[in-house]
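Summary of structural features
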Protein chains: 4
Amino acid sequence: MSERLNVAIVGASGYAGGEFLRLALGHPYLNVTQVTSERFAKQPVHLVHPNLRGATRLRFSPLAELQEADLLVLALPHKESSTRFDAFSQKAPRLLDLSADFRLKDARTYERFYGEPHPRPELLERFVYANPELHRDALRGAHYLAGAGCLATAAILGLYPLLKYAVPARGDIIVEGKIGSSAAGNRPTDAGHHPERAGVVRTYAPTGHRHEAELMQELPGRFPVHLTATAIERVRGILVTAHVFLPDGYSDRDVLGAYREAYEDEPFIRLVTAKRGIHRVPDPKILDGTNFCDIGFALDNDSGRVVVMSALDNLVKGTAGHALQALNISMGWPETLGLEFLGLHP
Amino acid sequence: MSERLNVAIVGASGYAGGEFLRLALGHPYLNVTQVTSERFAKQPVHLVHPNLRGATRLRFSPLAELQEADLLVLALPHKESSTRFDAFSQKAPRLLDLSADFRLKDARTYERFYGEPHPRPELLERFVYANPELHRDALRGAHYLAGAGCLATAAILGLYPLLKYAVPARGDIIVEGKIGSSAAGNRPTDAGHHPERAGVVRTYAPTGHRHEAELMQELPGRFPVHLTATAIERVRGILVTAHVFLPDGYSDRDVLGAYREAYEDEPFIRLVTAKRGIHRVPDPKILDGTNFCDIGFALDNDSGRVVVMSALDNLVKGTAGHALQALNISMGWPETLGLEFLGLHP
Amino acid sequence: MSERLNVAIVGASGYAGGEFLRLALGHPYLNVTQVTSERFAKQPVHLVHPNLRGATRLRFSPLAELQEADLLVLALPHKESSTRFDAFSQKAPRLLDLSADFRLKDARTYERFYGEPHPRPELLERFVYANPELHRDALRGAHYLAGAGCLATAAILGLYPLLKYAVPARGDIIVEGKIGSSAAGNRPTDAGHHPERAGVVRTYAPTGHRHEAELMQELPGRFPVHLTATAIERVRGILVTAHVFLPDGYSDRDVLGAYREAYEDEPFIRLVTAKRGIHRVPDPKILDGTNFCDIGFALDNDSGRVVVMSALDNLVKGTAGHALQALNISMGWPETLGLEFLGLHP
Amino acid sequence: MSERLNVAIVGASGYAGGEFLRLALGHPYLNVTQVTSERFAKQPVHLVHPNLRGATRLRFSPLAELQEADLLVLALPHKESSTRFDAFSQKAPRLLDLSADFRLKDARTYERFYGEPHPRPELLERFVYANPELHRDALRGAHYLAGAGCLATAAILGLYPLLKYAVPARGDIIVEGKIGSSAAGNRPTDAGHHPERAGVVRTYAPTGHRHEAELMQELPGRFPVHLTATAIERVRGILVTAHVFLPDGYSDRDVLGAYREAYEDEPFIRLVTAKRGIHRVPDPKILDGTNFCDIGFALDNDSGRVVVMSALDNLVKGTAGHALQALNISMGWPETLGLEFLGLHP
């Protein structure tokens, strides 16, 4: 088809790149022309991503052999996309970066959270933060997209309507993320070795998580947000629980109204409001492979505390799917293309 | 669309019925008109199957309110389909039964394995055993389909080419199935209670598994097959390992040739032949939600023992997907319709 | 041995009672004379608790056959201990209750959190809240012990030194518990059915958890504490993360000093202060079967937020072991008797 | 204490060495004087084995600093013990080797299964194969002990009574092992990385497993035994299922008699014969941390097939505990010293 977009995925042996590849192979308007990996150069894709066995004949190329394309999807370690920007931008008119390099608009904030100056601060304003729910208009027609952080996306989508609608009685917002092992990438480590990682409840980032910067940038009101991240026994999935204190007088109905208004027409956000049964709260368990973000809340009328719960698959709505949804918007395509999977129960 | 088939799923609150519903909602030619459940009558489907939140507005009806349809999918406890056959056959010209009621052709075998006479033995010959790989021709145009057993399907697909091609040196074939908890259904039990079931390696059926009867019926040569089933820590998935002793002189190449010949054109069978990497054998882990059956083997040249490994998702290729594939064939539709999901890694 | 205490465990087929039985069988001064269960009356203990296979010849008796003993350990559903108090107190001079019936000192607080008046409010003052670290002196010689709540104990032990030592800059304290499936008991339920429970990250109590009452009662300063509980994929184990904002000027060293001072001589509390390796934070994973409570913290100097992490096994330090430690104190025995298991790695 | 044995554990940062250390710290007659590790030299033991936090002040030494002791426990990669034998034997009069170096009596068999000549074949006869149930007499007073393979021990203990008692109708015996991730050691690998390893049912050794050699050596009758090993979702634990065809006329009672006769007085073997409840078969789930081997069987009267099930913890009864039991025998100490842990339920 003449309208198909030729895509090269740079760093496709990792989990984020592999997930974008899986989605792209099922997308009617995307044509994956090349996938790169240094470590697995020349090997067939299915040796690394066995789910793609029989679905593609692609083999990994070394980065040195990268060809021109309509779009480069960059799934590289942090700092690679920014330091190699000129080379990449000459290969394709469109860049979709899945790293953290272009998420923050403020170079000083980047330096504070990443511990060194940004390699190319002048580029920051050229990328759109690829959160479709918050920046749909800015994404239309955009050529440079900065994929959002997985934990940040779960927290931002969960808190956005509440903070847009109400001013917390007390500013400090506590955000706890529980997260699966795939978020740490595919490189074997001591901490990720199965006998050590299986069954943990390990708070690997009690304070100082880098995604705090994205929350501060994207959430209305710029309230102090405090993020804590705990690794749990899952491969995929994030549940964020956030604690916000509302002033007196807010009701369940008020809060629900804020979420309904904000997300009424969103194809990938589902409000969980069931009062019966065993599925009354968002749970990443049922979201593996889907682009949904399920959101629910509970209000304690005595204290005014709202507990917001937000669940997603870190590799789909947290990374590759969220980015593909943004790409669909930027291209003027139907927003849900390639993202139709409903997920499994049980 | 005039060509859409109106489908009612009887017993849709269970895992098999729920899985068929999930697949049917994504199928271009199926229109689910009704779903029944006694226990959850009048409740919205998504309270039971949270993955379908937002995907359908259907509510469960009691069986007493079952309407006419083009097709009834029967996902009921064993014996329900056969004892209620007359009522069901009056509601629809097509029946797809997911229970064990119509799998066996021989009423005496049924009685031996199920411990009582078949309620309607005269019906057995009217149902086609819905294994597309073995009975594709018989399925074309069939109106009554008997869904196969999940463990039986994994074993049959794994052993069929080998036994069709070679006569074992020694007749007795050992088949071991490792299986997830969803195969036991959605009714809470002591054995299925999470603290008791989590992390088990529990050989719940060392001998006398009912699916042995399907193996004996379907496999070439009618060799004695001995089935052992062990519950492991997964929700979905089956791995079957089968041990066959070949006469002297058979090579890897001979065995591979048999599988290639048998399954060359099969859309849902993938031979796993990788010699490198960490994905060299079939593993149900990467098959959740897919209709694939991955098959591999290893030959011990000293002893002539072939170990056949066969993996699938018990609810899809083991039940609902396998049955939908058979339905597609019976209707003359493209065989892969509604079964395109590739599965996830990691 | 003349000095051995004859113990009857009432409700010994449940997880709490079974765990106390396991510990009692290894205790040099305890002699288990009887175990009761209605559901499993007359059956050998090992049919219900297979870990005790070969360790005891005890069979369950119905409650109606309860004999006199030196000590009754009550592991019954809530309200059973208080409504049957007179009968139990006539059977033995010592009662160790593992339910919530006698934990709260204030009958109004009980009514607020449990939704009905306390059946025997006049008894509340006669029981000592069995937290050895906070109430060691009161436990000495006590005859009526009220076992503490598992989640409450993790939170209380984690927060006690900090709140005793410092006045939070802002009163509201957020406490999040992540908890395994055994805490919900051994009765099969829809929510606890393995296919539904496996792999969840399910915030079953975002607000209104009953253990909040114990925190308010036991923690210094009576600051408002807000508890949220999330079910995760473990059978045993709790991790509590608590968020406290300290006034300006507190250092890591100050906080560590508070914990050292409070717990210096505690045999079952371990401060986790490692700065290297992969085991730098408390993790319930390595505590299965042990009576340890591992505690660590992280201080964000910018915001003054301290994140306290506290881990334990809900059935041991959270229930039966914590209670046995209290019993050892009440009897004047060495505090660690029967609680020596170090736990496993990996 | 004069009678305490000074023990140095060589290679104590691994799982086998760490487990022996855990057991030794609770053993009344063992005094651990030194633990070695190259990778973690100078670091405190609890940074690697967090379960030992507070239980020991030991730090790892490099091998070069190994001191003399009464006993060296060698927990090194294969071939290290045999190539360094002279150095080790000069440091201590007693050696307990946990590797495979001295398990096989026949150097040709070693060469066949390990692919190269044994470095010190003349030493093989000087080591006793440390299986207490089979070689108790030979172990008394022995100074050189060869720890058995974990999978081999599960299979040997399961099959020994049956093969001692009956001659199989057909020689070939199929043995399937299901095994947890700790058996692969503590070195991070692609295959062991949590996102890849979690939830697998991966038959990593369909044929050619090295432990086959131990089975052939130790089992009565020298029947051909065929071993297949599958990795499952556990950290610890092995379940072996073995399939033996008996001649006509054998009854359940005959088989049970054989096991009773063989294991009547064994402190660590438990026959699982329950006909009721949910714990009717051996399951490694309840054996974590224990030295028990639970054994059960099922006989199919039609075919004469006996399915033997044998479960243990690969690091305890499969490695360190089994070896400690042998050491107790060799020293003339009570056989169960340091091995009293009963295990957990749930």
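Quick notes on the rules
Per-chain numbering applies: the sequence of each chain, read as written, is numbered from 1 onward. Starting at A for chains and at 1 for ligands, labels are handed out in the order in which the entities are written. Given that the model is predicted, a residue must reach a pLDDT of at least 70 before its local features are reported, and side-chain atom pairs must reach 80 or more before they are shown or counted; all residues, however, enter totals for whole chains, interfaces and linings. By convention in this description, side-chain values take in all heavy atoms of the structure and omit both hydrogens and water. Helix and strand definitions here come from DSSP, where helices need a minimum of 4 consecutive H or I residues and strands a minimum of 2 consecutive E residues; each element is numbered from the N-terminal end. Each radius of gyration reported is based on C-alpha atoms, and the globular scaling rule is 2.2 Å times the count of residues to the power 0.38. Two residues form a contact once any of their heavy atoms are found within 4.5 Å. All tallies of charge rest on Lys and Arg as positive and Asp and Glu as negative; His and the ends of each chain are not included. The atom standing in for a charge is NZ when the residue is Lys, CZ when it is Arg, CG when it is Asp and CD when it is Glu. UniProt positions are given in the numbering used here, feature names are shortened, and annotations may be inferred rather than shown by experiment. In short, buried area is how much 1.4 Å probe accessible area vanishes from two parts on joining, totalled over both. We define a salt bridge as a side-chain nitrogen of Lys or Arg found within 4 Å of a carboxyl oxygen belonging to Asp or Glu. Ten residue types, Ala, Val, Leu, Ile, Met, Phe, Trp, Tyr, Cys and Pro, are classed as nonpolar, four, Asp, Glu, Lys and Arg, as charged, and the remainder, Gly among them, as polar. Only residues with pLDDT of at least 70 in both copies count here: their C-alpha atoms drive the least-squares fit that superposes the copies. The rule for pairing is simple: two strands pair if DSSP sees at least two bridges between them. Where helices are involved, their axes are fitted lines through C-alpha atoms of the stretch in contact, as for all axes, and angles between N-to-C directions lie from 0 to 180°. Any residue under 20% of the maximum accessible area for its type is buried, any over 50% is exposed, and the rest in between are partly exposed; the area is computed with a 1.4 Å probe on protein chains only. An angle below 35 degrees is treated as roughly parallel, one above 145 as roughly antiparallel, one from 65 to 115 as roughly perpendicular, and anything else as oblique. Throughout, a crossing is termed right-handed when the near helix is turned clockwise from the far one, and left-handed when it is turned anticlockwise from it by less than a right angle. Definition of a polar contact: a pair of N or O atoms within 3.5 Å, with one able to donate and the other able to accept a hydrogen when the atoms are protein atoms, and with sequence-neighbouring residues admitted only if both atoms are side-chain atoms.

A separate point is the overall build of chain A. If you tally the helices and strands in chain A, you get 11 helices and 14 strands. Over its C-alpha atoms chain A spans a radius of gyration of 20 Å, differing by no more than 12% from the 20 Å that the globule rule assigns to 346 residues. With the principal axes as the frame, chain A shows a C-alpha extent of 60 × 45 × 45 Å. Intrachain contacts of chain A at a sequence separation of at least 6 include 70% that bridge at least 24 residues. Between the mean site of the 38 positive side-chain charges and the mean site of the 40 negative ones, chain A shows a separation of 5 Å.

Bringing the UniProt feature "domain: Semialdehyde dehydrogenase NAD-binding" (unreviewed entry) in chain A into the picture now. Taken from the UniProt record, the annotation "domain: Semialdehyde dehydrogenase NAD-binding" (unreviewed entry) applies to residues 6-142 of chain A. The span residues 6-142 of chain A shows a helical share of 31% and a strand share of 18%, and its end C-alpha atoms are spaced 17 Å apart.

Attention now goes to the interface of chain B and chain A. Listed as interface residues are 32 residues of chain B and, on the opposing side, 32 residues of chain A. Here chain B and chain A share an interface that buries about 3100 Å² over both sides, 63% of which is from carbon and sulfur atoms. The largest contributions to the chain B side of the interface with chain A come from Arg53(B), His345(B) and Pro346(B), which together make up 23% of the buried area. Our count for the chain B to chain A interface comes out at two salt bridges. A salt bridge links Arg53(A) to Asp294(B); its shortest N-O distance comes to 2.8 Å. Listing elements by their share of the side of chain B that touches chain A, those giving two or more residues are α1 (15-25) and α2 (45-48) of chain B. When residues of the side of chain B that touches chain A are assigned to their parent elements, the largest contribution, three residues, is made by α1(B). Per-class residue counts for the side of chain B that touches chain A are 16 nonpolar, eight polar and eight charged.

Quick look at the relation of the copies chain C and chain A now. When chain C is fitted to chain A, the residual RMSD is 0.0 Å, and the transformation amounts to a turn of 180 degrees plus an axial shift of 0.0 Å. Both chain copies can therefore be described as sitting about a two-fold axis. For chain C, the residue whose C-alpha comes nearest the rotation axis is Glu233(C), separated from it by 2.9 Å. Of all interface residues in chain C, 100% are interface residues in chain A too; the two copies therefore contact each other through one and the same surface.

Take the sheet that holds strand β14 (residues 305-312) of chain B next. All names here are of chain B. Taken in spatial order, the seven strands make up an open sheet running β9-β10-β8-β11-β14-β13-β12, and their pairing is mixed. Only two strands of the sheet have a single partner each, and these edge strands are β9 (202-205) and β12 (269-271). Between one strand axis and the next, the sheet turns by 25 degrees as a mean value, whatever way the strands run. Bridge analysis of strand β11 (residues 238-245) against β14 gives eight bridges, and the strand direction is antiparallel. Bridge pairing links histidine 243 to valine 307 in β14.

Right, let's talk about unusual backbone geometry for a bit. With an omega of 0 degrees, the peptide bond between His345(A) and Pro346(A) qualifies as cis. Structurally, Pro346(A) is set in the segment after α11 (316-331). The phi angle at Arg222(A) is positive, at roughly 50 degrees, despite the residue not being glycine. By relative accessible area, which is 59% here, Arg222(A) ends up exposed. Non-glycine residue Lys42(C) carries a positive phi angle of around 80 degrees. Tracing the chain through its elements places Lys42(C) in the loop between β2 (30-36) and α2 (45-48).

The next thing to look at is the relation of the copies chain B and chain A. You can overlay chain B on chain A at an RMSD of 0.0 Å; the transform is a turn of 180 degrees with a shift of 0.0 Å along its axis. An overlap of 100% is found between the interface residues of chain B and their copies at the interface of chain A, pointing to a shared contact surface.

Within this numbering scheme, the UniProt entry marks Ser13(A), Gly14(A), Tyr15(A), Ala16(A) and Asn314(A) as carrying the feature "binding site: NADP(+)" (unreviewed entry). By secondary structure assignment, the location of Tyr15(A) is in helix α1 (residues 15-25). Tyr15(A) sits in the buried class, given a relative accessible area of 4%. Not counting residues up to four positions away in its chain, the partners in contact with Tyr15(A) are Ser182(A), Gly185(A), Asn186(A), Leu315(A), His345(B), Pro346(B), His193(D), Pro195(D) and Glu196(D). Summarising the element assignment, Ala16(A) is placed in helix α1. Here Ala16(A) falls in the partly exposed class, since its relative accessible area comes to 22%. When residues no more than four places from it in sequence are discounted, the contact partners of Ala16(A) are Leu98(A), Leu315(A), Thr319(A) and Ala320(A).

Moving on, we come to the sheet that holds strand β1 (residues 5-10) of chain A. Residues and elements named next belong to chain A. With parallel pairing, the seven strands of this open sheet are ordered in space as β3-β2-β1-β4-β5-β7-β6. A single partner strand is all that each edge strand has here, and the edge strands are β3 (60-61) and β6 (128-129). Judged from the two bridges that link them, β6 and strand β7 (residues 144-146) form a sheet pairing that is parallel. Following the sheet pairing, tyrosine 129 is matched in β7 by alanine 146. Lying over the sheet, α1 contacts β1, β2 (30-36), β4 (71-74) and β5 (94-97), oriented at roughly 155 degrees with respect to β2.

Glancing now at the pairing of strand β2 (residues 30-36) of chain B. All names here are of chain B. Most of β2 sits inside the fold, with five of its seven residues counted as buried. Relative to β2, strand β1 (residues 5-10) runs parallel, the two sharing six bridges. Opposite alanine 8, over in β2, you have glutamine 34 as the bridge partner. As defined by bridge partners, β2 adjoins strand β3 (residues 60-61) across two bridges and the pair is classed as parallel. Across the sheet, valine 35 pairs through a bridge with phenylalanine 60, a residue of β3.

Below, the discussion takes up the pattern of salt bridges. All names here are of chain A. Across all of its chains, the model carries 76 salt bridges over all chains by this definition. Note that glutamate 19 is salt-bridged to arginine 22, the shortest N-O span being 2.7 Å. One end of the pair is glutamate 19 and the other is arginine 22, both in helix α1 and three residues apart, which spans about a single turn. The buried category is assigned to arginine 22, whose relative accessible area is 6%. A single salt-bridge network, built from bridges that share partners, covers Glu19, Arg22, Arg236 and Asp313.

By the secondary structure assignment, Pro62(B) is in the loop between β3 and β4 (71-74). Every residue in contact with Pro62(B), bar those within four places of it in the chain, is listed here: Thr36(B), Ser37(B), Glu38(B) and Ala41(B).

We now examine the side chain of His322(C). For His322(C), the position within the fold is in helix α11 (residues 316-331). Not counting residues up to four positions away in its chain, the partners in contact with His322(C) are Ala130(C), Asn131(C), Pro132(C), Glu133(C), Ala148(C), Thr153(C), Asn291(C), Val316(C) and Lys317(C).

On to the packing of helix α6 (residues 132-139) of chain A against α11(A), then. Residues and elements named next belong to chain A. Between α6 and α11, whose axes approach to 9 Å, the crossing angle comes to 30 degrees. Here α6 lies roughly parallel to α11, going by the angle between them. Considering only the axes of α6 and α11, their crossing is right-handed. Between α6 and α11, the contacting residues are Pro132, Glu133, Arg136 and Leu139 on the first element and Lys317, His322, Gln325, Ala326, Ile329 and Ser330 on the second. In terms of residue class, the contact of α6 with α11 is made up of four nonpolar, three polar and three charged.

This paragraph deals with the interface of chain C and chain A. Every contact between the two is made by 48 residues of chain C and, on the other side, 48 residues of chain A. Where chain C abuts chain A, roughly 3800 Å² becomes buried across the two surfaces, and 58% of that area is made up of carbon and sulfur atoms. Across the contact surface, chain C and chain A share four salt bridges. Between Lys178(A) and Glu176(C) there is a salt bridge whose closest N-O contact spans 2.7 Å. The interface formed by chain C and chain A includes 26 residue pairs in polar contact (both at pLDDT 80 or more). Looking at the side of chain C that touches chain A, the elements that each hand over two or more residues are β8 (173-179), α8 (194-197), β9 (202-205), β10 (225-231), β11 (238-245), β13 (293-300) and β14 (305-312) of chain C. Residue composition of the side of chain C that touches chain A, grouped by class: 19 nonpolar, 12 polar and 17 charged.

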